[in-house]
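A structural walkthrough
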Amino acid sequence: MPKTRLRLVGALAAVLVAAGVTTGTPAQAHERPATLAELAHRHGRYFGSATDNPELTDTAYTSVLGSEFDMITPGNGMKWYATEPQQGVFDWTNGDEIVDLARANHQRVRAHTLVWHSQLPDWLTGRDWTADELRAVLKKHIQTEVRHYRGKVYSWDVVNEAFNEDGTYRDTIWYRTLGPGYIADALRWAHQADPHAKLYLNDYNIEAVGPKSDAYYRLAQELKAQRVPLDGVGLQAHLALQYGYPTTLEDNLRRFSRLGLDTALTEVDVRMILPATDEKLAQQADWYRDLTAACLAVRRCVGITVWDYTDKYSWIPAFFPGEGAALPYDEQLRPKPAYFAIRQALGGK
Ligand code: G3I
């Protein structure tokens, strides 16, 4: 190459380096801060977010959803009212949209939920059923849905919110009509339909040791003894600053581990009475740090999912008027102190 051209190339390279515009060298690739998912992965855990179909048109939102997390939970799209709106007529539109998006982003899916007392279609709640009829309806729903998503989801929340606060069975259409055996039946039917999906029981207010989590502990012991296919217990972790931190969370996770079960924090948010102040946001950050550390401290706590990642799409303000600011990103999708606290707990900078 002639000398002048060589000098030109050298000068151009110097300008590009000075401007930081070199072609992506490996050294530079490492400069991108690790995502929550990457940090969690270093501990053999996932870090997930719930999402919902209406939000998926928001491209700023989906960009963070698709990059920062490695596990996705549909907030509503796989519930009974959405998937079997008329008896025997199944609609996978919303669930499929989320599964397809997750797959495109190389994310796994925690599927949610098969058996719950809430968000049921009118055809199901609007009439009486004999036990035989309802058992057939439940089996068909579970097996059709689980088969549809077989091989596409990591886990299922098979039964959601089965207990009252005092540890008695919640009086639902399922319990009333079928008795407590509906839980073992549901797990067995789900396992038949997808032997590889991890099967969970999932509930709120079971983060601490207490009557409700004790009920799960006893039930899990019984189910294990009867060789019912149960893989894990999901602790939703809808926390509120005004009610205090569940200080026995780690012990609680550990006792389920010792039963041979996985655990996961499945729907984490930490709400507060508005307005959010710096002090409350700092306390919230401490709670996110502590709950992340608790999961990391217990070998079989497999991962953490926030119940959506941004205050923009949180369920809290609609359900608890005057409360909110519960998630690690604010309504403008800016990371909050809680986000940095999670990173810190995961060993990131
Ligand atoms: O689909 C209708 C829409 O047609 C209508 O225009 C709109 C008007 O309110 O309502 C829409 O339905 C809402 C639905 O979410 C879908 O957006 C319901 O009103 C609303 O009640 C429902 O809330 C969901 C809630 O479960 C129901 O209990 C939340 O989004 C969802 O995040 C929340 O998730 C639950 C978990 O499944 C189980 N654990 C607790 C958690 C928080 O409640």
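Everything quoted here is computed from the prediction, not taken from an experiment.

Here we come to the state of the cysteines. Enumeration according to the criterion identifies 1 disulfide in this entry. Residue Cys-295 pairs covalently with Cys-301 via a disulfide, S to S 2.1 Å. Linking Cys-295 and Cys-301, the disulfide has an S-S dihedral of approximately -100 degrees and is accordingly described as left-handed. In this pair, the class of Cys-295 matches that of Cys-301, namely buried.

With that out of the way, let us pick up helix H12 (residues 249-258). Each turn of an α-helix holds 3.6 residues, which means side chains three or four residues apart point in the same direction. For H12, the set of buried residues is Leu-249, Asn-252, Leu-253, Arg-255, Phe-256 and Ser-257. On its buried face, H12 is in contact with helix H11 (211-225), strand E6 (232-235), strand E8 (262-273), helix H13 (278-297) and strand E9 (301-306). Immediately beyond the C-terminal end of H12, within one or two residues, lies Gly-260, with a positive phi of roughly 85 degrees.

Here the focus is the side chain of His-141. Its place among the elements puts His-141 in helix H8 (residues 131-148). By relative accessible area, His-141 is classed as buried at 0%. Of note is the side chain of His-141, whose polar atom sits 2.8 Å from the side chain of Glu-84. Residue contacts for His-141: discarding those within four places in its chain leaves Trp-80, Thr-83, Glu-84, Phe-90 and Leu-114.

Near the ligand lie 16 residues; those nearest to it are Asn-76, Lys-79, His-112, Glu-267 and Trp-307. At 2.7 Å, a side-chain N or O of His-112 approaches an oxygen atom of the ligand. The contact in question runs from a nitrogen atom of the ligand to an N or O atom on the side chain of Glu-267, over 2.7 Å. With the chains in place, 53% of the 790 Å² that the ligand exposes on its own is no longer accessible. Judged by the proximity of its atoms to the pocket grid, the ligand belongs to the largest pocket. A per-class count over the shell around the ligand returns 5 nonpolar, 7 polar and 4 charged.

As recorded in UniProt, the feature "domain: GH10" (unreviewed entry) lies at residues 50-345. Between the end C-alpha atoms of residues 50-345 there is a gap of 21 Å, over a span that is 42% helix and 18% strand.

This next bit is on the pattern of salt bridges. Scanning all chains against the criterion turns up 17 salt bridges. Here Lys-212 makes a salt bridge to Asp-203, at a shortest N to O gap of 3.3 Å. Residue classification places Lys-212 among the buried positions, given a relative accessible area of 2%. A network of salt bridges, in which partner residues are shared, links Asp-132, Arg-135 and Asp-185.

Quick look at the nonpolar core now. Grouped together as the largest cluster of nonpolar side chains are 92 residues, with contacts concentrated most on Leu-124, Trp-156 and Trp-174. Broken down by element, the residue count for this core peaks at 8 residues, all from helix H10 (residues 182-193). Other than its neighbours up to four places away in sequence, Trp-156 contacts Met-78, Ala-111, His-112, Thr-113, Leu-114, Glu-145, Val-146, Tyr-149, Ala-197, Lys-198, Leu-199 and Tyr-200.

Criteria and cut-off values
- Residues numbered from 1 in each chain as written.
- Predicted model: local features only at pLDDT ≥ 70, side-chain atom pairs only at ≥ 80, totals over all residues.
- Heavy atoms only, no water.
- Disulfide = S-S within 2.5 Å.
- Buried < 20%, exposed > 50% of the residue type's maximum accessible area, 1.4 Å probe, protein only.
- Helix = DSSP H or I, 4+ residues; strand = E, 2+ residues; numbered from the N terminus.
- Contact = heavy atoms within 4.5 Å.
- Polar contact = N/O pair within 3.5 Å; in protein donor to acceptor, adjacent residues only side chain to side chain.
- Near = heavy atom within 4 Å.
- Areas by Shrake-Rupley, 256 points an atom, 1.4 Å probe, with all protein chains shown as cover.
- 1 Å grid on protein atoms, 1.4 Å probe; cavity = no way out; pocket = protein on both sides within 12 Å on 5 of 7 lines; lining within 4 Å.
- Sits in = over half its atoms within 2 Å of the grid points.
- Nonpolar A, V, L, I, M, F, W, Y, C, P; charged D, E, K, R; others polar.
- UniProt positions renumbered as here; feature names shortened; annotations may be inferred.
- Salt bridge = Lys/Arg side-chain N within 4 Å of Asp/Glu carboxyl O.
- Core = buried A, V, L, I, M, F, W, Y, C linked by side-chain atoms within 4.5 Å.

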